[in-house]
Amino acid sequence: MTFGDFIRVLFSILIPPLGVFFRVGFGLQFWLNILLTLFGYVPGLIHAIWIIAAYRTRENAAL
C-alpha cells in the first residue's frame, strides 16, 4: 500500500465516493459508489475500499 492509497482510504472513510473519484475519476464505479452510499454508508465504504485495492493490483499487473 502506497501513501497515496492510504490517503484514498482515509478519504473513503470520511466520504466513500471521494476515495473512488481520486482513484477512477467520473466513471461508472464512481456513480455506482454514490448509489451504494445512498443506500447506506457501509456498502459505499466496502465498495470504495474494494475499488482502491482492485485498481492497485491492476496497475501492478501492468508493470
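All of these numbers come straight from a predicted model, not from anything done at the bench.

Parameters and conventions
- Residues numbered from 1 in each chain as written.
- Predicted model: local features only at pLDDT ≥ 70, side-chain atom pairs only at ≥ 80, totals over all residues.
- Heavy atoms only, no water.
- Patch = residues over 30% accessible without salt bridge, like charges linked within 9 Å, V, L, I, M, F, W, Y side chains within 5 Å.
- Areas by Shrake-Rupley, 256 points an atom, 1.4 Å probe, with all protein chains shown as cover.
- Salt bridge = Lys/Arg side-chain N within 4 Å of Asp/Glu carboxyl O.
- Helix = DSSP H or I, 4+ residues; strand = E, 2+ residues; numbered from the N terminus.
- pLDDT = per-residue confidence, 0-100.
- Phe/Tyr/Trp six-rings, centres within 6.5 Å; stacked < 30°, edge-to-face > 60°.
- Buried < 20%, exposed > 50% of the residue type's maximum accessible area, 1.4 Å probe, protein only.

Caption draft 1: Structural view of a nonpolar patch on the surface. Together, M1, F3, F6, L10, I13, Y41, V42 and I46 give the surface a local cluster of nonpolar side chains, amounting to about 860 Å² of exposed area. By residue number, the principal contributor to the nonpolar patch is helix 1 (residues 3–14), which donates 4 residues. Among the structural elements, L10 can be located in helix 1.

Caption draft 2: Expanded view of the confidence of the model for the protein chain. Of all residues in the protein chain, 87% have pLDDT values of 70 or greater, and the mean over the chain is 89. Element-level pLDDT for the protein chain is lowest in helix 4 (residues 41–62), with a mean of 84, against a maximum mean of 96 in helix 3 (residues 28–39).

Caption draft 3: Spotlight on the packing of aromatic side chains. Considering all chains together, one arrives at 8 aromatic pairs under this definition. Between F3 and F6, the ring centres sit 6.5 Å apart and the planes meet at 35°, which makes this aromatic pair tilted. Residue F3 and its partner F6 are located together in helix 1, separated by 3 residues, close to a single helical turn. Here F3 falls in the exposed class, since its relative accessible area comes to 65%. Judged by its relative accessible area of 41%, F6 falls in the partly exposed class. When the centroid spacing of 5.9 Å and the interplanar angle of 65° are considered together, the rings of F21 and F30 count as edge-to-face. Residue classification places F21 among the partly exposed residues on the basis of a relative accessible area of 30%.

Caption draft 4: Focus on the pattern of salt bridges. Evaluated as defined, the whole model comprises 2 salt bridges. D5 serves as the salt-bridge partner of R23, at 2.4 Å between the closest nitrogen and oxygen. Of this pair, R23 sits in helix 2 (residues 16–24) while D5 sits in helix 1; the two residues are 18 residues apart in sequence, bridging distant segments of the chain. As far as burial versus exposure is concerned, R23 and D5 are alike and both buried. Via salt bridges that share partners, D5, R8 and R23 belong to a single interconnected network.

Caption draft 5: Focus on the environment of I34. In this fold, I34 is placed in helix 3. Note on I34: relative accessible area 25%, which makes it partly exposed. Spatially, the C-alpha atoms of I34 and G44 are 7.1 Å apart, while their sequence positions differ by 10 residues.

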